[in-house]
Amino acid sequence: MWEFIHKVILLFLERKSKFKHAEERLERVVKYFEDSKKVNELDIEVYEKKARKNGLAQELVGSRLVSFQLVDFVAKNKNVTNFDTVAKNLAFWDTSLCIMRDEENNIIRISINEKEYKKEKAMMLMSLIFGVFVFVYSIYLFKENLIWLVNSLLIPELTSKILLWSLIFCLLCVCIFLFVSNLILLDLKRIVTLLSKNE
């Protein structure tokens, strides 16, 4: 059931995707691997290579949270297609993961940290419920808030309406963000299971 919902959401989010975006992504991926090879061939210190490769991985994914070890680990997995997106999601929820490394600090295994994962799920769900409650309550009190702004603060009615609707729109955006974050967090277990199938 969850896989079906996940596919429907992906179709909705990617409905405006064009071939141009796919070409841009391909160019970024090719550049990442080519530049990584060039860095490996440089006669520089190990820490400098690491810093440069981390920069390349972060440029590819678009997040400063990822490391080149994480990107490489996910890219090498035969069960993952969009490795850059998966790496970004894993880096975002790293506190919910147990990451095992070898002597050279390369990632060899990723599993779910059940205790932290449940804690994250509970916090995200509570945040979503609270956000939806505030959003609905702000709509319910719209008229009262409008009267208060006009009568107490002497703000013009049109300005007050714009201010209140802007606030409601911001709350809606927060709710959407929290909803999508909850979905990504729920999908984390499936991603980790896919990664472990490669072992």
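Numbers given to residues run from 1 along each chain, matching the order in which its sequence is written. Whole-chain, interface and lining totals are the exception, using all residues; otherwise, since this is a predicted model, local features are given only for residues with pLDDT of at least 70 and side-chain atom pairs are given and counted only at 80 or more. The side-chain values count all of the structure's non-hydrogen atoms but skip hydrogen atoms and water molecules.

It is worth spelling out the overall build of the chain at this point. Strands are runs of DSSP state E lasting at least 2 residues, helices are runs of H or I lasting at least 4, and numbering of each runs from the N terminus. Within the chain, the secondary structure is distributed over eight helices and two strands. For the chain, the N- to C-terminal ordering of α and β elements is α-α-α-α-α-β-β-α-α-α. Counting all 199 residues of the chain, 31% fall into the buried class. Any two residues whose heavy atoms approach within 4.5 Å at even a single point are treated as in contact. Contacts in the chain between residues far apart in sequence, at least 24 positions, make up 57% of those at least 6 positions apart. Burial classes: relative accessible area under 20% of the type maximum marks a residue as buried, over 50% as exposed, and values in between as partly exposed (1.4 Å probe, protein chains only).

Our next topic: unusual backbone geometry. Even without being glycine, Asn-105 reaches a positive phi, approximately 70°. Take Asn-105: its relative accessible area is 32%, and that puts it in the partly exposed class.

Looking now at the environment of Trp-93. The residue Trp-93 is located in the loop between helix H5 (83–92) and strand E1 (97–101) in this model. Judged by relative accessible area, Trp-93 falls into the buried class, the value being 4%. In the structure, Trp-93 is positioned 92 residues away from Leu-185 in sequence and 7.5 Å away in space, judged by C-alpha atoms.

So, on to the pattern of salt bridges. Only one rule defines a salt bridge in this text: a Lys or Arg side-chain nitrogen within 4 Å of an Asp or Glu carboxyl oxygen. Counted according to the given criterion, the structure contains eight salt bridges. Across the pair Lys-189 and Glu-114 runs a salt bridge, and its minimum N-O distance is 3.5 Å. With Lys-189 in helix H8 (residues 157–196) and Glu-114 in helix H6 (residues 114–140), this pair connects stretches of sequence that are 75 residues apart. Judged by relative accessible area, Lys-189 falls into the partly exposed class, the value being 37%.

Within the fold, Ser-181 resides in helix H8. A residue is classified by how much of its surface remains accessible, and Ser-181, at 6% relative accessible area, is buried. Beyond its immediate chain neighbours, meaning those up to four positions away, Ser-181 contacts Trp-93 and Met-124.

This brings us to H6. Its 27 residues place the ends of H6 39 Å apart at the C-alpha level, agreeing with the 39 Å of an ideal helix rising 1.5 Å per residue. Those residues of H6 that fall on the buried side of the exposure criterion are Tyr-117, Glu-120, Met-124, Leu-128, Gly-131, Phe-135 and Ser-138. Against the buried residues of H6 lie strand E2 (107–112), helix H7 (142–151) and H8. For a helix, the expected span equals 1.5 Å multiplied by the number of residues minus one.

Attention now goes to a nonpolar patch on the surface. On the surface, a nonpolar cluster with roughly 530 Å² of combined accessible area is contributed by Phe-130, Phe-133, Tyr-137 and Tyr-140. Mapped onto the secondary structure, Tyr-140 falls in helix H6. To count toward a patch, a residue needs a relative accessible area above 30% and no salt bridge. Like charges then connect within 9 Å, nonpolar side chains (Val, Leu, Ile, Met, Phe, Trp, Tyr) within 5 Å. The method behind every accessible area is Shrake-Rupley, applied with a 1.4 Å probe, and residues are considered shielded solely by the protein chains displayed.

Moving on: the confidence of the model for the chain. Taken over all residues, the pLDDT of the chain has a mean of 82, while the share at 70 or more is 88%. The weakest mean pLDDT in the chain belongs to helix H1 (residues 2–13) at 50; the strongest belongs to H6 at 90. Per-residue confidence from the predictor is reported as pLDDT, a score between 0 and 100. Confidence drops under pLDDT 50 across residues 14–19; counting only partners more than four residues distant or on other chains, this segment forms one contact.

With 40 residues, H8 extends 59 Å from end C-alpha to end C-alpha; this agrees with the ideal 58 Å at 1.5 Å per step. Along its length, H8 shows its largest kink, about 35°, at Leu-188. Consider a residue and the seven residues that end there alongside the seven that start there; fitting an axis to each set, the bend is the angle between those axes.

Here we take up the packing of H6 against H7. Only the contacting stretch of a helix is used when fitting its axis, a line to C-alpha atoms as for every element, and angles between N-to-C directions run 0 to 180 degrees. At a minimum axis separation of 4 Å, H6 and H7 run at an interaxial angle of 65°. Here H6 contributes Ser-138, Ile-139 and Tyr-140 to the contact with H7, which in turn contributes Phe-142, Glu-144 and Asn-145. Residues that form the contact of H6 with H7 fall into these classes: three nonpolar, two polar and one charged. Note on residue categories: nonpolar means Ala, Val, Leu, Ile, Met, Phe, Trp, Tyr, Cys or Pro, charged means Asp, Glu, Lys or Arg, and polar means any other residue, Gly included.

Side chains of nonpolar character tend, in soluble globular proteins, to be buried together. Counting residues in each nonpolar core, the largest one holds 33 residues, and the members touching the most others are Leu-70, Val-71, Val-74, Leu-90, Ile-110, Leu-188 and Leu-195. For this core, the element with the most residues is H8, which contributes six residues. Ignoring any residue separated from it by four or fewer positions in sequence, one finds Leu-195 in contact with Phe-73, Val-74, Asn-77, Val-80, Leu-90 and Ile-110. Here the nonpolar core consists of buried residues drawn from Ala, Val, Leu, Ile, Met, Phe, Trp, Tyr and Cys, with membership extended through side-chain atoms lying within 4.5 Å.

The subject of this paragraph is the side chain of Ser-160. By the element assignment, Ser-160 lies in helix H8. The contacts of Ser-160, once residues within four sequence positions are left out, are Leu-146, Leu-149, Val-150 and Ile-155.

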